[in-house]
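Read off the chains here:
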Amino acid sequence: MAGRLHDKVAVITGAAGGIGAATARAFVDEGARVIVADVQDERGETLAASLGGAARYLHADVTRETEVAATIAMAQQSFGSFDCIVNNAGLIGGAGSIATMDAAHWHATMATLLDSAFFGTKHAAAALIARGVGGSILTTASIASLQGGLGAHPYTTAKHAIVGLTRSVASELAPHRIRVNAVAPGFVVTPLSMGSLGADADETAQRSAAASPMRLPTFPEEIARAFVYLASDDARQVTGQLITVDAGATAAPSVSRYHDGVSRFLGPAELAERFRSL
Ligand SMILES: NC(=O)c1ccc[n+]([C@@H]2O[C@H](COP(=O)([O-])OP(=O)(O)OC[C@H]3O[C@@H](n4cnc5c(N)ncnc54)[C@H](O)[C@@H]3O)[C@@H](O)[C@H]2O)c1
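- The protein is annotated in an unreviewed UniProt entry as Short-chain dehydrogenase from Sphingopyxis macrogoltabida.
- The record in UniProt for the protein states the following under Sequence similarities (unreviewed entry): "Belongs to the short-chain dehydrogenases/reductases (SDR) family."

Concerning the overall build of the protein
Thinking step 1. Along the backbone of the protein there are ten helices and seven strands.
Thinking step 2. Counting over 278 residues, the protein shows a buried share of 52%.
Thinking step 3. Sequence-distant contacts in the protein: of pairs separated by 6 or more residues, those separated by 24 or more amount to 65%.
Thinking step 4. Within the structure as shown, the protein displays about 12,200 Å² of accessible surface, and the carbon and sulfur contribution to it stands at 53%.

What about the site of the ligand?
Thinking step 1. Lining the immediate environment of the ligand, one finds 28 residues, of which Ile19, Asp38, Tyr155, Val188 and Thr190 sit closest.
Thinking step 2. Contacts to the ligand include Gly90, whose backbone N or O atom sits 3.5 Å from an oxygen atom.
Thinking step 3. When the free accessible area of the ligand is taken as 820 Å², the share hidden by the protein chains comes to 91%.
Thinking step 4. When atom positions are compared with the pocket grids, the ligand is found to occupy the largest pocket.

As for the environment of Val238
Thinking step 1. Residue position: Val238 is located in the loop between α8 (220–231) and β7 (242–245).
Thinking step 2. Exposure remark for Val238: the relative accessible area of 19% places this residue in the buried category.
Thinking step 3. Along the chain, Val238 and Asn181 lie 57 residues apart, while their C-alpha atoms are 7.8 Å from each other.

Comments concerning the sheet that holds strand β1 (residues 9–13)
Through backbone hydrogen bonds, the strands of a sheet pair up, either in parallel or in antiparallel fashion.
Thinking step 1. The seven strands lie next to each other as β3-β2-β1-β4-β5-β6-β7, forming an open sheet whose pairing is parallel. The open sheet terminates on both sides in strands that have one partner only, identified here as β3 (55–59) and β7. Pairs of neighbouring strands in the sheet enclose a mean axial angle of 20 degrees, with direction left out of account.
Thinking step 2. Relative to β3, strand β2 (residues 33–38) is paired through five bridges, and the arrangement is parallel. Along β3, the bridge assignment pairs Ile35 with Arg56.
Thinking step 3. In the packing of helix α3 (residues 65–79) onto the sheet, the strands contacted are β1, β2, β3 and β4 (84–87), and the crossing angle to β3 comes to about 155 degrees.

Overview of the environment of His105
Thinking step 1. For His105, the location among the structural elements is in helix α4 (residues 103–131).
Thinking step 2. Given the relative accessible area of 45%, His105 is considered partly exposed.
Thinking step 3. The spatial distance from the C-alpha of His105 to the C-alpha of Pro154 is 8.4 Å, given a sequence separation of 49 residues.

Some remarks on the nonpolar core
Thinking step 1. Phe27, Val34, Val36 and Phe227 are the most contacted members of the largest nonpolar core, which totals 35 residues.
Thinking step 2. When residues of this core are traced back to their parent elements, those giving at least two are β1, α1 (18–29), β2, α2 (41–50), β3, β4 and α8.
Thinking step 3. Excluding its chain neighbours within four sequence positions, the residues that come into contact with Phe27 are Leu5, Ala10, Ile12, Ala32, Val34, Cys84, Val86, Phe227, Val228 and Ala231.
Thinking step 4. Counting residues in each nonpolar core, the second largest holds 20 residues, with Ile35, Leu128, Ile137 and Ala170 among its members.

Some remarks on the packing of α1 against α8
Thinking step 1. Orientation of α1 relative to α8, taken along the N-to-C sense of each, is 50 degrees, at an axis distance of 8 Å. By the criterion of interaxial angle, the relationship of α1 to α8 is oblique. As α1 runs across α8, the sense of the crossing is right-handed. Seen from α1, the contacting residues are Gly18, Ile19, Ala22, Thr23, Arg25, Ala26 and Phe27; seen from α8, they are Pro220, Glu221, Ile223, Ala224, Phe227, Val228 and Ala231.
Thinking step 2. Class assignment of the residues belonging to the contact of α1 with α8 gives a composition of ten nonpolar, two polar and two charged.

Brief notes about the packing of α3 against α4
Thinking step 1. Across the interface, α3 lies against α4 with an axial gap of 9 Å and an inter-helix angle of 35 degrees. α3 and α4 meet at a crossing whose hand is right-handed. Along its contact with α3, which presents Glu65, Val68, Ala69, Ile72 and Gln76, the element α4 presents Phe119, Gly120, Lys122, His123, Ala124 and Ala127.
Thinking step 2. Here the residues of the contact of α3 with α4 are counted per class, giving six nonpolar, three polar and two charged.

What counts and what doesn't
- Residues numbered from 1 in each chain as written.
- Predicted model: local features only at pLDDT ≥ 70, side-chain atom pairs only at ≥ 80, totals over all residues.
- Heavy atoms only, no water.
- UniProt positions renumbered as here; feature names shortened; annotations may be inferred.
- Helix = DSSP H or I, 4+ residues; strand = E, 2+ residues; numbered from the N terminus.
- Buried < 20%, exposed > 50% of the residue type's maximum accessible area, 1.4 Å probe, protein only.
- Contact = heavy atoms within 4.5 Å.
- Areas by Shrake-Rupley, 256 points an atom, 1.4 Å probe, with all protein chains shown as cover.
- Near = heavy atom within 4 Å.
- Polar contact = N/O pair within 3.5 Å; in protein donor to acceptor, adjacent residues only side chain to side chain.
- 1 Å grid on protein atoms, 1.4 Å probe; cavity = no way out; pocket = protein on both sides within 12 Å on 5 of 7 lines; lining within 4 Å.
- Sits in = over half its atoms within 2 Å of the grid points.
- Pairing = 2+ DSSP bridges.
- Axes fitted to C-alpha atoms, helices over the stretch in contact; angles between N-to-C directions.
- Core = buried A, V, L, I, M, F, W, Y, C linked by side-chain atoms within 4.5 Å.
- Parallel < 35°, antiparallel > 145°, perpendicular 65-115°, else oblique.
- Left-handed = near helix turned anticlockwise from the far one by under 90°.
- Nonpolar A, V, L, I, M, F, W, Y, C, P; charged D, E, K, R; others polar.

Right, dumping it as structure tokens:
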């Protein structure tokens with residue numbers, strides 16, 4: 001049986017690890033061919049090789065517009081078409097009090113998290129409009145797209161802006177049948193979250209479960225499933241949307257979290273405390 005992404009060609013940025021790597025694997029499992037784009041060459045090459053002829057690796061720094069554009073050109077050259085981009089590359093970025101925040105840190109975070117999404121959306125839109133058969137533009141947002149206190153100021157600002165970009169562009173591209181959506185992961189066990197907590201995978205999984213009303217850790221494969229859905233024809237009427245995959249972390253008002261004598265998961269204040277050093 002053909003996979004849900006049979007014959008589709010996708011670019012995935014930040015695909016050498018974490019959510020991007022899981023998404024690349026899931027896309028290939030569903031029949032897609034992918035460009036694995038990242039700056040971690042060894043990890044990216046290894047992942048692409050493990051996916052056989054369905055993947056190619058390209059070194060692409062998403063803060064550079066020409067390098068983002070090159071990922072789409074490589075998809076067209078390698079696989080003969082282009083249907084989807086997942087703007088996923090990211091980092092925690094600049095931290096600290098707004099009163100003392102260094103503008104250079106602010107701009108560096110915006111470049112990686114937000115400029116990258118603009119570049120990917122812009123060049124994917126141009127290629128998809130020219131092709132004329134529709135397509136899908138996807139970006140990794142965050143539960144920090146929805147409220148403050150879940151990340152540092154530049155991270156939270158960039159992730160909010162990604163939702164604005166998604167909604168703004170969706171209506172322009174809708175007549176071209178190009179759908180524009182974002183996924184907001186909760187607390188996912190990845191190198192990024194492990195690094196920010198200074199914890200190994202097991203401890204990070206425990207903390208991810210503790211942050212979830214479902215008591216389940218969220219692994220990158222859960223986020224990849226949402227991207228598969230949004231890239232597939234199953235989502236052909238879905239555009240301009242943010243799909244949150246957080247095991248319920250943002251479903252309840254934060255105050256109720258502290259009145260649950262049985263449940264134990266982190267509310268925004270506790271999460272903010274965890275992330276205070278970011
Ligand atoms: N892990 C979480 O809990 C979580 C939660 C919400 C959102 N996110 C978002 O998910 C996305 C993926 O994060 P992850 O958790 O998988 O982290 P990760 O560190 O495992 O993966 C991020 C990837 O992006 C790449 N990258 C960083 N800067 C780059 C650049 N300039 N050019 C190209 N590639 C670059 C890294 O090399 C890495 O492979 C990010 O946008 C992140 O903000 C993560």
